[in-house]
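# Coordinate inspection notes
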Amino acid sequence: MDPAKLILDGKEYELPIVVGSEKEVGIDISKLRGTTGAITADSGYGNTGSCLSTITFINGEKGILRYRGYPIEEIAKSASFTEVIHLLVYGHLPNKQELEELTNQLKSHRELPKGMKSFFDAFPTTAHPMAVFSSMISALSTFYPAAKDEEEVNLNVIRLLAKQAALAAYAYKHSVGQPYVDPRSDLTYTQDFLHMMYAEPPKAYEVPEVLDEALNLLLILHADHEQNCSTSTVRMVGSSQANLYASMSAGVGALWGPLHGGANQAVIEMLEMIRKDDMNFKKYTDMAKDKSSGFRLMGFGHRVYKNFDPRATILKEVAAKVLEGLGIEDPLLEIAKNLEKIATEDEYFLQRGLYPNVDFYSGIIYRAMGIPTDMFTVMFALGRMAGWISQWKEMRADPKGRIYRPRQVYMGETQRPFVPVDKR
Ligand code: ACO
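Since this is a predicted model, take the numbers as computed values, not measurements.

### Here we look at the environment of M236
Turning to its location among the elements, M236 is positioned in helix α10 (residues 229-238). Between the C-alpha atom of M236 and that of E83, which follows or precedes it by 153 residues, the distance is 27 Å. Apart from the residues lying within four places of it in its own chain, the contact partners of M236 are Y404 and P406.

### What to know about the nonpolar core
Ranked by size, the top nonpolar core spans 121 residues in total, and within it F133, F193, M248, L271 and M369 carry the most contacts. It is helix α7 (residues 150-175) that contributes the most residues to this core, 14 residues altogether. Taken domain by domain, this core gets at least three of its residues from each of domain 2 (71-256) and domain 3 (263-368). Sequence-distant contacts of F133, that is, excluding residues within four places in its chain, are made with Q164, L167, A168, V252, V378, A381, L382 and M385.

### Observations regarding empty space enclosed by the protein
Scanning the model with the defined rule gives one cavity of 30 Å³ or more in all. Here the largest cavity is characterised by a volume of approximately 40 Å³. Along its surface, the largest cavity is lined by G301, H302, Y305, K306, N307, F308, D309, G353, Y355, P356 and N357. Here the residues of the lining of the largest cavity are counted per class, giving four nonpolar, five polar and two charged.

### Description of the site of the ligand
In the vicinity of the ligand, 21 residues are found, and the nearest of them are H260, R296, L297, G299 and R303. The separation between a nitrogen atom of the ligand and a polar main-chain atom of L259 is 2.9 Å. G299 is positioned with one of its backbone polar atoms (N or O) 2.8 Å from an oxygen atom of the ligand. Its free accessible area being 920 Å², the ligand has 77% of it covered by the protein chains. Tallied by class, the residues present in the shell around the ligand amount to 11 nonpolar, five polar and five charged.

The rules we used
- Residues numbered from 1 in each chain as written.
- Predicted model: local features only at pLDDT ≥ 70, side-chain atom pairs only at ≥ 80, totals over all residues.
- Heavy atoms only, no water.
- Helix = DSSP H or I, 4+ residues; strand = E, 2+ residues; numbered from the N terminus.
- Contact = heavy atoms within 4.5 Å.
- Core = buried A, V, L, I, M, F, W, Y, C linked by side-chain atoms within 4.5 Å.
- Buried < 20%, exposed > 50% of the residue type's maximum accessible area, 1.4 Å probe, protein only.
- Domains from an automatic or database assignment.
- 1 Å grid on protein atoms, 1.4 Å probe; cavity = no way out; pocket = protein on both sides within 12 Å on 5 of 7 lines; lining within 4 Å.
- Points joined across faces, edges and corners; volume = space filled by probe spheres on them.
- Nonpolar A, V, L, I, M, F, W, Y, C, P; charged D, E, K, R; others polar.
- Near = heavy atom within 4 Å.
- Polar contact = N/O pair within 3.5 Å; in protein donor to acceptor, adjacent residues only side chain to side chain.
- Areas by Shrake-Rupley, 256 points an atom, 1.4 Å probe, with all protein chains shown as cover.

Given below as structure tokens:
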């Protein structure tokens, strides 16, 4: 493809083109300031390609999501989360031996370092589990300081992926005042997490298959989503060569917000509000359309998807199955379906391409699984950790990688003399 041409102040400049493997076109502006003196203005990075990546492909118009070329629908149908970790972090689907090796590595690093459990006790029981989770990930770097070489980096990757299950489960256990349950190496990754969440020793806990399958699917569907807010944060922090734990803890912080991963909690709160308000759907859709209300339909809309989010399509179906499998009737599922129907037939939402996103139905499944609302975003983070780590590794391996450092267009005061306090 020919280079793009830019005319600035009457002068013409050529800008090279980068074409991705799915024919996506990027205009390379990396030399723009050096040659023209100008920068681009793109608040919220809506049109900025911050990196070249081989991990995840999304086509928002067609509702396509693929991890390393594999369609999410196919992965969701038959993979285990451990296979997806391998696919994302090491770049290819594991063969039997590789899967066994990774499974064993993850098993052997599940225990938290000695003394760390007592850290949880120091937090108030009212602490939001996301605050505890991100603090504990950061705290891992006090036990495993900066890696000296790639071998140690890889060991830290395994440690984090293995231990995050206990970190999340103990954040929950602390909030409900129950003792922490030790990991069990005879269980799979997902079974062990559920065991650490729900076992109340000395009583034995049998992990129901339906919960195990639902968790596996949820972790897979949340595993990566290219350069979203939290992943960009992870890359941003990692670009300063901050360690793995510091970078991932920052990702958890970015995910927490209600416009990002925190939306799964906000959706349930919104659906509850609608229920208590006698299913007054119109009131809520009207409020969402009225910018002055400050209210948005949570779990609706996406920067990239403008037709449908394939993850939401899968989750809508699974939500009904999980509820059925557990013999639970949740009125919120019907409320969600009604709200989706009303909003997706409304001109306002249609015109703006606003459809349910991954967070719209996931909360209903988490609820059915007995996971409290304020743990929902931690559940999201458990899945996304695989993607964050793969993106972080890719960023570090890029020979042209530089510290992330955007520019700005300054709109403030021009130079003026300082006025001493008694003369102001
Ligand atoms: N309800 C009502 N109106 C909305 C919504 C919504 N949920 N989302 C976007 N809009 C409107 C905006 O007001 C805007 O209208 P305008 O063109 O008249 O000004 C238009 O749609 C475009 O919205 P933007 O805010 O520019 O879209 P952006 O790409 O910046 O934001 C976001 C995407 C944050 C997801 C947004 O749709 C939103 O706030 N959704 C609700 C929160 C949510 O569900 N977040 C989870 C996203 S998925 C994830 O992160 C895992």
